[in-house]
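Architecture and fold: a report
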Amino acid sequence: MAIWIIVTLLLTPWLWSLPIPKDLFRVNFQEDVQESRQNVVWKRGKIDPSPLTVYFVNWPREAVNQRLSVVLENLDIGNYFFAGHPRERVGVEERQKFFFFQFLLFIIGFTSPHLNKYKKFLVVYSSLALLAVFIFEWRSFAQTLPLAVPFIVLMALGLRQIMTWPKKWRILR
Amino acid sequence: MSKKLVVALLAGIILLGAILRFYRLGDNGLGFFRDEAALGFNAWSLLSTGADEYGQKFPIIFRSFEVFFLPAYVYLSIPIFFLLGPTVIAARALSATAGTLLILTCFFIAKEFFKSGKVALISALLVAVSPWAIFYSRGTFEGNLALLAFSVGVYLWLRFTNTDEKKYFFFSVAFFVFSMYSYQAPRFVAPLFVGVSIVSQKSWWKKWRLWISGFFLALLLSLPQLSLIASPAGYHRAVGVSLFSREKAPPLYLVPREFLSLYLHYFSPSNLFWQGDYNPQRKVEGYSVFYLWQLPLLLIGAWTFFKKKFKNAKYFLFWLALAPIPAALTADPFHTYRAILLFLPLTLLIALGFRELLFLTSKMKNLVILVSFIGILYSVSAYLFGLLELTPITRWRDWDYGYDQVSQFIKDQPSSLRVVIDDPNTESYIHLLFNQVIPISEYQTAASAKVGNEYYKTSAVLRPEKVGKFEFRSVDWPSERGDKETIFVFPSNRLYPSEFSGDPKLNLEKTIYSPGGEAAFYIIKTISKNSQ
């Protein structure tokens, strides 16, 4: 498996520029809360006063939503294989992270019989990485580098799977 | 679960869905968009004069703003307009009804796919409360009618494959063809779905007589549409918005990449659960197509779907895979309306995930049900709040807010005054027609003179900018502000107050305010010499 991971790493443009993640663990809750409060004040000022406002427009909801939006942004396949196309993000430099053809490897990786061996790792690692995204709001090319790991593993599995195909054909013959 | 209980629960869910769709249907606070007015007005015009806005007698495809739209919604709305008159509710009622019936259809589809009454009930509940289903049922969206027809077609197809009764096949074909008379997307998806579903059957060629009969039935039912397939009315919409029609169309070798990126966008969690449509008109403040809590359920549902091998799984996958293609072939990113056929299978997967969650947590099932019930109640309330309270503040301009008040004001003015509406798109005429400000016959005469025999033949702008005393065009304010006996209607983003205030020859008759309190329209009257 190691060899497939190394090949995948070499094929991945994300790593070619040797990005060094900066501000990985910077968090300013106070600032976030203040911003959320301001947004809520603006929204509440626009709508008719209603007791329901407290439940549907409030700063904890606003603050959580802000962080969730970053998590969901990082779940968008387009940001990895299509440099954000067709919906480029504001405030983030969209760069090629993986090649278009690597998407095929990624999908084939899910069909690999060896996936079971890595399933727990992939689920736990991805969950932790997404939790980190939620807390630290990773968005940039370099900051999101830890998210490359599950992709690389799946692509390596895909590559390995592809390499078994000619053998199968030989057996059929 | 007893049959009586299932029926009672289903009835309750449908009632809830109907309330969510019909509550404040005529006044959602947003406005009444020009496309809605076009569909509604043409139904009213057919009812009252037997012809559409261009004076065309019972058209096969309708023409409005150089966009051709399919006829089913208009024709089926005629009885509603007969009952309710030319009102916003009448224009939207068919979509709301289709959205309510979709709940029932979804119940039966889920039952056919997953052979589980519980998944069917959960599916029905999720359709009843889902943001996408509520949103598209509360506006005049012909796509919602198409979705209902397509879904009924899928259900009948499943009945056919499960029972092998030919009548279901023919009815299924009829509904698929009907969906192609309702909206553009099924014109692509329905034939593909039927074709792929037939070919995927074992020894499909043995039933060749049945397929040929179905083909001829479809051909017969499609004849009116097919007669126009080679004219701009038949293809203009598809060609006009396609990936290749853009000014900067991608080179051929990049088309697969472009298409795949657009296609995958329709499965992006960010789009489905967070960002929503790229067009602000189809966005509800703070919501996308689904609620965020449905994301884990979708993942569980997808996992369950592939783990348990359902008998009709391939048809489900065909539906899921084909539905976003028409939308992905257009250049716009995440167009929820063009991909409307996609959201029902995704909802079914979410329902499957929910059922699996209940199974996995069977020891505390009651607690999970209680929490889910409270969660759904909160989500729906928050969504309605977003839709009816917040969205009007931020999206009123995208919904043509205020034209009803403009129309009412013009109606109250002396008939001798000229009325000029500043509108570079010249599309605001439809609001004045819908609100009975311009006499239908007067507009029809002017429009039919302009369009002549070209109704189906060209997509060029062929509609009058002036009808009697009404004009719809861009106003050259410096040169026209001296015109006498004229009412000028300006959207607030087209004229600054400093451009008319302080002039004794101008009188600001009325300012129409948006739901957020900003000015939406300025209505200015030029003062005649006699009154000076």
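This one's a predicted model, so the numbers in the text were calculated from it and none came from an experiment.

**Points about a nonpolar patch on the surface**
Residues and elements named next belong to chain B. A surface patch of nonpolar side chains, about 890 Å² in accessible area, is lined by W208, I212, F215, F216, L219, L220, L223, L226 and I229. Along the chain, L226 turns up in helix α10 (residues 208-226). The exposure class assigned to L226 is partly exposed, which follows from its relative accessible area of 36%.

**A look at the confidence of the model for chain B**
Scored by pLDDT, chain B has a mean of 93; 99% of the residues are at 70 or more. Reported confidence for the predicted complex is 0.87 by ipTM and 0.93 by pTM.

**Things to note about the pattern of salt bridges**
Here the structure, examined in full by the defined rule, presents 24 salt bridges over all chains. A salt bridge links E73 of chain A to R139 of chain A; the nearest nitrogen and oxygen atoms lie 2.9 Å apart. Taken together, the positions of E73 of chain A in helix α5 (residues 59-74) and R139 of chain A in the loop between α8 (115-136) and α9 (148-172) put the pair 66 residues apart, joining distant regions of the chain. Classification of E73 of chain A by relative accessible area gives buried; the value is 11%. On the basis of relative accessibility, which here comes to 24%, the residue R139 of chain A falls in the partly exposed class. E480 of chain B is the partner of R473 of chain B in a salt bridge, and the nearest nitrogen-oxygen pair spans 2.8 Å. For the pair formed by R473 of chain B and E480 of chain B, the shared burial category is buried. Each of R418, E471, R473, E480 and D483 of chain B takes part in a single network of salt bridges with overlapping partners.

**Considering the nonpolar core**
Among the nonpolar cores identified, the biggest contains 177 residues, and F113, F114 and W319 of chain B are the most heavily contacted of them. No other element matches the 13 residues that helix α4 (residues 88-114) of chain B contributes to this core. Filtering out sequence-adjacent residues up to four positions away, F113 of chain B remains in contact with V154, L158, F310, N312, Y315, F316, W319 and L348 of chain B. A129, V133 and M155 of chain A together with L264 of chain B belong to the second largest nonpolar core, which has 31 residues in total.

**Let's talk about the packing of helix α8 (residues 166-180) of chain B against α10 of chain B**
Residues and elements named next belong to chain B. For the pair α8 and α10, interaxial distance at closest approach is 10 Å and the crossing angle is 25°. Regarding the angle of α8 to α10, the classification is roughly parallel. Pair α8 / α10 crosses with right-handed handedness. When α8 is examined against α10, the residues K166, F169, F170, V173, A174, V177 and M180 are found in contact with a partner set consisting of L210, W211, S213, G214, L217, A218, L221, S222 and Q225. Each residue belonging to the contact of α8 with α10 can be placed in one class, and the counts come to 11 nonpolar, 4 polar and 1 charged.

**Points about the side chain of S182 of chain B**
Residues and elements named next belong to chain B. Looking at where S182 falls in the secondary structure, it is placed in the loop between α8 and α9 (184-199). Engagement of the side chain of S182 in a polar contact is seen with the backbone oxygen of F178, the distance being 3.1 Å. In contact with S182, not counting residues within four places along its chain, are L70, A72, E142, L145 and A146.

**Comments concerning the interface of chain B and chain A**
Each partner contributes to the interface: chain B provides 33 residues, whereas chain A provides 25 residues. Both sides of the chain B and chain A interface together cover about 2,600 Å² of buried area, and 69% of this is carbon and sulfur. The three residues of chain B that bury the most area against chain A are R257, W274 and F385 of chain B, which together make up 26% of that side's buried surface. In this structure, the connection of chain B to chain A is made through 0 salt bridges. Taken together, the links from chain B to chain A amount to 9 residue pairs in polar contact (both at pLDDT 80 or more). Where the side of chain B that touches chain A is concerned, the elements lending two or more residues are α12 (255-265), α13 (269-275) and α18 (365-395) of chain B. When grouped by side-chain class, the residues that make up the side of chain B that touches chain A number 18 nonpolar, 10 polar and 5 charged.

**As for helix α3 (residues 29-46) of chain A**
Residue and element names in this part refer to chain A. The terminal C-alpha atoms of α3, which comprises 18 residues, lie 26 Å apart, in line with the 26 Å expected from a rise of 1.5 Å per residue. For α3, the full list of buried residues reads D32, S36, V40 and K43. Projected down its long axis, α3 carries its buried residues within an arc of 70°, all on one side. When the buried face of α3 is taken as reference, the exposed residues oriented beyond 90 degrees from it are Q30, Q38, V41, W42 and G45. For α3, the elements touching its buried residues are α5.

**Quick notes on the packing of helix α2 (residues 34-49) of chain B against helix α3 (residues 72-84) of chain B**
Residue and element names in this part refer to chain B. One way to put it is that α2 packs onto α3 with a least axis distance of 8 Å and a crossing angle of 65°. When the interaxial angle is binned, α2 and α3 end up roughly perpendicular. The interaxial crossing formed by α2 with α3 has right-handed handedness. Along the contact surface, α2 presents L39, G40, N42, A43, W44, L46 and L47, while α3 presents Y73, V74, Y75, S77, I78, F81 and F82. A breakdown of the residues in the contact of α2 with α3 according to their chemical character gives 11 nonpolar, 3 polar and no charged.

**Side note on the environment of L30 of chain B**
Residues and elements named next belong to chain B. The topology assignment puts L30 in the loop between α1 (3-22) and α2. L30 gets classed as buried once you look at its relative accessible area, which sits at 2%. In the structure, L30 is positioned 358 residues away from L388 in sequence and 7.6 Å away in space, judged by C-alpha atoms. When residues no more than four places from it in sequence are discounted, the contact partners of L30 are T391, P392, R395, W396, W399 and Y401.

**Observations concerning the pairing of strand β5 (residues 470-473) of chain B**
Residues and elements named next belong to chain B. On β5, burial covers both faces: F470 and F472 on one face and E471 and R473 on the other are all buried. Note: strand β3 (residues 418-422) against β5, 4 bridges, orientation parallel. The partner of V419 across the bridge, within β5, is F470. Note that strand β4 (residues 466-467) and β5 share 2 bridges and pair antiparallel. Within β5, the position partnered with K466 by the bridge is E471. Two successive antiparallel strands, β4 and β5, enclose a turn made up of 2 residues, where G468 displays a positive phi of approximately 60°.

**Some remarks on the pairing of strand β8 (residues 519-526) of chain B**
Walk down a regular strand and you will see the side chains alternate between the two sheet faces. All names here are of chain B. In terms of burial, β8 is a largely internal element, 7 of the 8 residues being buried. With 7 bridges joining them, strand β7 (residues 506-513) and β8 adopt antiparallel strand pairing. From the neighbouring strand, T511 faces β8, where its bridge partner is Y522. From the end of β7 to the start of β8, which pair antiparallel, there are 5 residues, and G517 there has a positive phi angle of about 95°.

**A look at the sheet that holds β4 of chain B**
Pairing is mixed in the open sheet, where 6 strands are placed in the order β4-β5-β3-β6-β8-β7 (chain B). Either end of the sheet is taken by a strand with one partner, and the two such strands are β4 and β7 of chain B.

**A look at the packing of aromatic side chains**
Summed over the entire model, instances satisfying the criterion amount to 80 aromatic pairs over all chains. Taken together, a centroid distance of 6.5 Å and an interplanar angle of 85° make the contact between F81 of chain B and F434 of chain B edge-to-face. Linking F81 of chain B in helix α3 with F434 of chain B in helix α20 (residues 429-434), this pair joins segments that are 353 residues apart in sequence. As far as the burial class goes, F81 of chain B and F434 of chain B line up, both buried. Ring pairs connect the aromatic residues W14, Y80, F81, F98, F103, F106, F110, F141 and F151 of chain A, which therefore count as one cluster. Between K308 of chain B and the ring centre of F359 of chain B, over which it is positioned, the NZ or CZ distance is 5.9 Å.

Rules and cut-offs
Per chain, the residues get numbers from 1 upward, laid out in the order the sequence is written. The order in which chains are written sets their letters, starting at A; the order in which ligands are written sets their numbers, starting at 1. For a predicted model such as this one, the threshold for reporting local features is a pLDDT of at least 70, and the threshold for listing and counting side-chain atom pairs is 80 or more; totals across whole chains, interfaces and linings nevertheless cover every residue. The side-chain numbers reported here are obtained from all heavy atoms of the structure, hydrogens and water having been left aside. Two distance rules govern patches: like charges are joined within 9 Å, and nonpolar side chains (Val, Leu, Ile, Met, Phe, Trp, Tyr) within 5 Å, applied only to residues with over 30% relative accessible area and no salt bridge. Note on areas: Shrake-Rupley, 1.4 Å probe, and residue coverage restricted to the protein chains presented here. What makes a salt bridge here is a side-chain nitrogen of Lys or Arg within 4 Å of a carboxyl oxygen of Asp or Glu, nothing more. Runs of E in the DSSP output that reach at least two residues are strands. Runs of H or I that reach at least four are helices, and both are numbered from the N terminus. Note on exposure labels: buried denotes an accessible area under 20% of the residue type's maximum, exposed denotes more than 50%, and partly exposed covers the range between, all computed with a 1.4 Å probe on protein chains only. Confidence of the predictor at the level of single residues is given by pLDDT, which spans 0 to 100. Among buried residues, the Ala, Val, Leu, Ile, Met, Phe, Trp, Tyr and Cys ones that are joined through side-chain atoms within 4.5 Å form a nonpolar core. Here, two residues are considered to be in contact whenever any of their heavy atoms come within 4.5 Å of each other. With axes taken as lines fitted to C-alpha atoms, and helix axes fitted only over the stretch in contact, angles between N-to-C directions fall between 0 and 180 degrees. When describing relative orientation, an angle under 35 degrees is termed roughly parallel and one over 145 degrees roughly antiparallel, while 65 to 115 degrees is termed roughly perpendicular and anything else oblique. Crossing handedness follows the turn of the near helix against the far one: under a right angle anticlockwise gives a left-handed crossing, and clockwise gives a right-handed one. Just so you know the grouping, Ala, Val, Leu, Ile, Met, Phe, Trp, Tyr, Cys and Pro go in nonpolar, Asp, Glu, Lys and Arg go in charged, and all remaining residues, Gly too, go in polar. Here a polar contact means two N or O atoms within 3.5 Å. Within protein one must be a hydrogen donor candidate and the other an acceptor candidate, and residues neighboring in sequence count only if both atoms are side-chain atoms. By buried area we mean how much accessible surface two parts lose on assembly, using a 1.4 Å probe and totalling the loss over both. Under the convention used throughout, the expected extent of a helix is 1.5 Å for every residue step, that is, one less than its residue count. To be clear, the arc concerns the directions from the helix axis to the C-beta atoms. Two strands pair if DSSP finds at least two bridges between them. When the centres of two rings from Phe, Tyr and Trp lie within 6.5 Å, Trp using its six-membered ring, the rings pair. Their planes under 30 degrees apart give stacked, over 60 give edge-to-face, and anything left gives tilted. Whether a charge sits over a ring comes down to the Lys NZ or Arg CZ being within 6 Å of the ring centre and within 35 degrees of the ring normal.

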